[in-house]
Amino acid sequence: MRSISDLESSARHLRACSQRTQGLHFLLCGIEFFSKLALEDSGGTAWGFVEASLREFAPDIATAARSSPPGDLLPDEINKLEQFIALAESKSGIVFPQDVADLKSHLQQARSSRTVVPPAAADDQIVLAGLFVEYNPELRLAPRGQLLWLRVECERRRRQKAVDQVIVRNQTTKPDDELRRQADLAVQLAREYLVSRRLLNPKKRFRVDYEIEGAASSLTGPSLGLAFAVGAVLSIARHEILRDSLSVPADVAFSGALSEDGRIVPIDGEGLRLKLTRAIHSGLRHVVVPRAHVTEAWEFVQRESPKGADPTLNLVAADDLATVLNDRNLVFPQRRPRTVYQVLRFRRQLQQPRVGIPIRVTLIGVMGFLGWPYLQTILDRNPVELVRTKRGFRVENQYGRELWSKEFVGDSVAPHGDNWKIDDLDGDGRNEVLYAPMIPQGSPELNWVFCYESDGTQRFRRYCPIIGEYPGDSGGVYYDFEHLSIPRVAGIPVIVTEVAASSPGRSHIRLWNSQGDSLGWYVNAGGSKFSLAEDLNGDGKEELLFHCYFHPLGGTSVLALSVDSTYGCSPPYDSANYDRRGVTRGRQYAYTFLPSSELARIDIPSGYSQPFEVRRSATQEIAVYNNESAKERYACTIFFLDFGLQVKKVSYTEQFNTRYSLLIDSTDDLNACIERESERVGSAVLYWTQDGWVKRVTQF
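Residues numbered from 1 in each chain as written. Predicted model: local features only at pLDDT ≥ 70, side-chain atom pairs only at ≥ 80, totals over all residues. Heavy atoms only, no water.

**Quick notes on the overall build of the protein chain**
In step 1: Broken down by element type, the protein chain carries 15 helices and 34 strands.
In step 2: Nonlocal contacts in the protein chain, meaning residues at least 24 apart in sequence, comprise 61% of its contacts between residues at least 6 apart. (Helix = DSSP H or I, 4+ residues; strand = E, 2+ residues; numbered from the N terminus. Contact = heavy atoms within 4.5 Å.)

**Observations regarding the packing of helix 3 (residues 49–66) against helix 4 (residues 75–90)**
The description of two helices packed together rests on the angle between their axes and the distance between the axes.
In step 1: Helix 4 packs onto helix 3 with a crossing angle of 125° between their chain directions and a minimal axis gap of 11 Å. In this view, helix 3 runs oblique relative to helix 4, as classed from their interaxial angle. The way helix 3 lies across helix 4 gives a crossing that is left-handed. In this structure, helix 3 contributes Val50, Leu54, Ala58 and Ile61 to the contact, and helix 4 contributes Phe84, Leu87 and Ala88.
In step 2: Residue classes in the contact of helix 3 with helix 4 are distributed as 7 nonpolar, no polar and no charged. (Axes fitted to C-alpha atoms, helices over the stretch in contact; angles between N-to-C directions. Parallel < 35°, antiparallel > 145°, perpendicular 65-115°, else oblique. Left-handed = near helix turned anticlockwise from the far one by under 90°. Nonpolar A, V, L, I, M, F, W, Y, C, P; charged D, E, K, R; others polar.)

**Quick notes on the sheet that holds strand 19 (residues 480–485)**
In step 1: An order of 19-22-23-24 is seen for the 4 strands of this open sheet, with the pairing classed as antiparallel. Looking at strand neighbours, the two that pair on one side only are strand 19 and strand 24 (518–524), the edges of this open sheet. Taken over all neighbouring pairs, the strand axes of this sheet differ in orientation by 15° on average, direction set aside.
In step 2: Here strand 19 runs beside strand 22 (residues 495–501); their pairing, made up of 5 bridges, is antiparallel. In the sheet register, Phe481 faces strand 22, and the bridge partner there is Val499. (Pairing = 2+ DSSP bridges.)

**Some details on the nonpolar core**
In step 1: Judged by nonpolar contacts, the single largest core of 48 residues is most densely connected at Tyr210, Val230, Phe254 and Val324.
In step 2: Every element with two or more residues in this core is listed here: strand 1 (125–136), strand 2 (141–156), helix 6 (178–196), strand 4 (206–213), helix 7 (225–240), strand 6 (252–254), strand 10 (314–318) and helix 10 (321–325).
In step 3: By residue number, the principal contributor to this core is helix 7, which donates 10 residues.
In step 4: Look past the residues within four positions of Val230 in its chain and what remains in contact with it is Leu128, Val248, Phe254, Leu321, Val324, Leu325 and Val331. (Core = buried A, V, L, I, M, F, W, Y, C linked by side-chain atoms within 4.5 Å. Buried < 20%, exposed > 50% of the residue type's maximum accessible area, 1.4 Å probe, protein only.)

**Here we look at the pattern of salt bridges**
In step 1: Under the counting rule described, the total for this entry stands at 32 salt bridges.
In step 2: Note that Arg111 is salt-bridged to Glu82, the shortest N-O span being 2.8 Å. Of this pair, Arg111 sits in helix 5 (residues 97–112) while Glu82 sits in helix 4, and the two are 29 residues apart along the sequence.
In step 3: Residue Arg111 is classed as partly exposed on the basis of its relative accessible area of 47%.
In step 4: Judged by its relative accessible area of 35%, Glu82 falls in the partly exposed class. (Salt bridge = Lys/Arg side-chain N within 4 Å of Asp/Glu carboxyl O.)

**Some thoughts on unusual backbone geometry**
In step 1: Of the consecutive residues Ser503 and Pro504, the connecting peptide bond is found in the cis state with omega at 0°.
In step 2: For the bond running from Pro571 to Pro572, omega is 5°, close enough to zero to count as cis.
In step 3: Inspection of the secondary structure assignment puts Pro572 in the loop between strand 27 (555–561) and strand 28 (590–595).
In step 4: With phi around 55°, Ser503 is a residue other than glycine that occupies positive phi space.
In step 5: Relative to the helices and strands, Ser503 resides in the loop between strand 22 and strand 23 (506–512).
In step 6: Even without a glycine there, the phi angle at Leu645 is positive, about 60°.
In step 7: Its place among the elements puts Leu645 in the loop between strand 31 (636–641) and strand 32 (647–652).
In step 8: Of the residues examined, Leu645 reaches a relative accessible area of 0% and is grouped as buried.

**Topic: a nonpolar patch on the surface**
In step 1: Nonpolar side chains collect at one region of the surface, where Tyr374, Leu375, Ile378 and Leu379 lie side by side and expose about 350 Å² of accessible area between them.
In step 2: With respect to the secondary-structure elements, Ile378 resides in helix 12 (residues 358–379).
In step 3: Judged by relative accessible area, Ile378 falls into the partly exposed class, the value being 34%. (Patch = residues over 30% accessible without salt bridge, like charges linked within 9 Å, V, L, I, M, F, W, Y side chains within 5 Å. Areas by Shrake-Rupley, 256 points an atom, 1.4 Å probe, with all protein chains shown as cover.)

**Brief notes about the packing of helix 14 (residues 654–663) against helix 15 (residues 670–683)**
In step 1: Axis separation between helix 14 and helix 15 bottoms out at 11 Å; the angle between their running directions is 105°. In this view, helix 14 runs roughly perpendicular relative to helix 15, as classed from their interaxial angle. Residue-level contacts link Phe656, Asn657, Tyr660 and Ser661 of helix 14 to Leu670, Cys673, Ile674 and Glu677 of helix 15.
In step 2: Per-class residue counts for the contact of helix 14 with helix 15 are 5 nonpolar, 2 polar and 1 charged.

**Thoughts on the side chain of Asp72**
In step 1: Mapped onto the fold, Asp72 is located in the loop between helix 3 and helix 4.
In step 2: No salt bridge is formed by the buried Asp72; its nearest oppositely charged neighbour, Arg278, is found at 4.8 Å.
In step 3: Excluding residues that lie within four positions of it along the chain, Asp72 makes contacts with Leu24, Glu77, Arg144, Gln146 and Arg278. (Lys, Arg positive; Asp, Glu negative; His and termini not counted.)

**So, the environment of Val449**
In step 1: Locating Val449 in the fold gives a position in strand 17 (residues 448–452).
In step 2: Taking the C-alpha atoms as reference points, Val449 and Leu484, separated by 35 residues in sequence, lie 8.9 Å from one another.
In step 3: Setting aside chain neighbours within four positions, we find Val449 in contact with Leu434, Tyr435, Ala436, Phe460, Arg461, Arg462, Cys464, Leu484 and Thr497.

**What about the packing of aromatic side chains?**
In step 1: Taken as a whole and judged by the stated rule, the model has 24 aromatic pairs.
In step 2: Their ring planes at 50° and their centres at 5.6 Å tell us that Trp404 and Tyr452 sit as a pair that is tilted. Pair noted here: Trp404 is in strand 14 (residues 402–407) and Tyr452 is in strand 17, with a separation of 48 residues, a long-range link.
In step 3: For the pair Phe408 and Tyr435, a centre-to-centre distance of 5.7 Å together with 10° between the ring planes defines the contact as stacked. Residue Phe408 is located in the loop between strand 14 and strand 15 (420–423), and its partner Tyr435 is located in strand 16 (residues 432–435); the two are separated by 27 residues in the primary sequence. The pair Phe408 / Tyr435 is uniform in exposure class, with both members buried. (Phe/Tyr/Trp six-rings, centres within 6.5 Å; stacked < 30°, edge-to-face > 60°.)

**So, the sheet that holds strand 15**
In step 1: Within the open sheet, the 4 strands sit side by side as 15-16-17-18. Their pairing is antiparallel. Whereas interior strands pair on both sides, the edge strands pair on one side only; in this sheet they are strand 15 and strand 18 (458–463). For this sheet, the mean inter-axis angle between neighbouring strands, taken without regard to orientation, is 15°.
In step 2: Bridge analysis of strand 17 against strand 18 gives 5 bridges, and the strand direction is antiparallel. Paired with Cys451 across the strands is Phe460, a residue of strand 18.

None of this, on its own, says anything about what the molecule does.
Below is the structure:
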């Protein structure tokens, strides 16, 4: 129980807060003060102090509520505001009725206001949502996540300027704060990104102006680096008037620090949790976080989301700036009509300070309007986009102009999301195009992958199936083309093709270099999908990880292949249905079988789990997600593997636990059932060795 002198000290602090801050922060100080004071008054020992405090502070708290956005309150703060209103109503005649009515209205809006509404922006401004951690020790408020808005403006510097000029208009804790260093680095990386895609002259330099709207305290820390970089790319692109207008939806926020090479590096974990708490209760749909944090962040969102409701917040794991900018859920490119684009370019040219003499204006304007924009679309011969047609495809440059097209023999080309790639395979700055046609049986192009130079000349074509190495692969078989990938191994592109057939179910994996030379082959007993390139043995060369169906044992598997020593067929090599005794035994880095859960046996028609995702976890392990339900996509078992593909831990998603509790008939509590299931699944994991399957039982 606090003494009257302690209560007076708290009241003096609140008076000081009223002189120092207004709006939301004073509202928080006020409801925090009365939340503690109500506990003192509950025993009748505050001797009228509550009434006196209400008379003094309630009008200012009501005024602060009127001037603060209702959506800025978090659930715990909403509860404290509700307690304050109840306290004010219980002391009849002390608080003005209109103040109580306004506070109730604010409370009602705070409970329902979860829509992201960006502030108005000028035509030359970019506005992005940013998540911050707010520290106000002088107000005695706990750190809290806050959604604020980053404004970015850009203008071209004069030609003789050799460096960009970066301005951060907010106060930082010190002149050389990490936040300012991140802003400088963000502009450099943004310019390098645009130059690498031939969208910007490398000699151009810019003045980029950053301002974080609504920040009430000094800013610090590196976590704004990613938002700075995305804002700089969008602002420079708008200033330069590219053919594609870039925008970011208002319900997307960014949190991550940048390294010198453009990678997104980890940030403070506790700060990230505070930001995610704000994001969950702010109406955001996507939050970009460093990949190192995604597992812990995802688990936190699962725990903190409102009970009984599916999480609406989508966490996007990002490795580098280019990954974020190429994700169309985050950065949306919209093609300008040709006439609009040419008019905007012409207007921008007229605004250049060097254009002063009327005849010069006329000549440059006429040339720019009539000739140069059109000439740019013709001169740019670098493929960046592939569009499927009825019998093949066409390739376009960045301006949407068709460069060349190809057709294949057959009635139609079936749509497929993973049968083409555009990439610079030889590092000459010009993109090559890879395409695997999905053609009905009987076509001579069936089961081939084609590689074309940037001008449409065929560089090579390669047959993807592996003939004569596995039961059923004797020629004349129709294979489904499943996946085409181009991971980097020691910085060098490797082409990965995957085709599949049934009876028996198998996947043919072929590895090729950029010239089409074979690097290796592998046949897996079940479908496969390339998932991750990771250096598992520390030799500087990434191994290729595949997440596979494993039909023979009724589950999934994780397969790791070394690019320079891969060949053969996966286990098993004995079967009652198919004779596999004569196959070439596989030479793989590691092969791990992951059993199905009891839920999969009930909830999936085939009776066994399905591959879902493989990624790096926050603890630098490999997290393998198996889907266990045909009814709930995110009902997953999570296997955590070390770099030898040894299972170290088994966990489950919240959706798995919910679905499991509905279907499993047991008198025990859910936690006990989950623990038994984890032990059963963990002990059933199998590892393939030269001596066959082995089982290493681990306590989970």
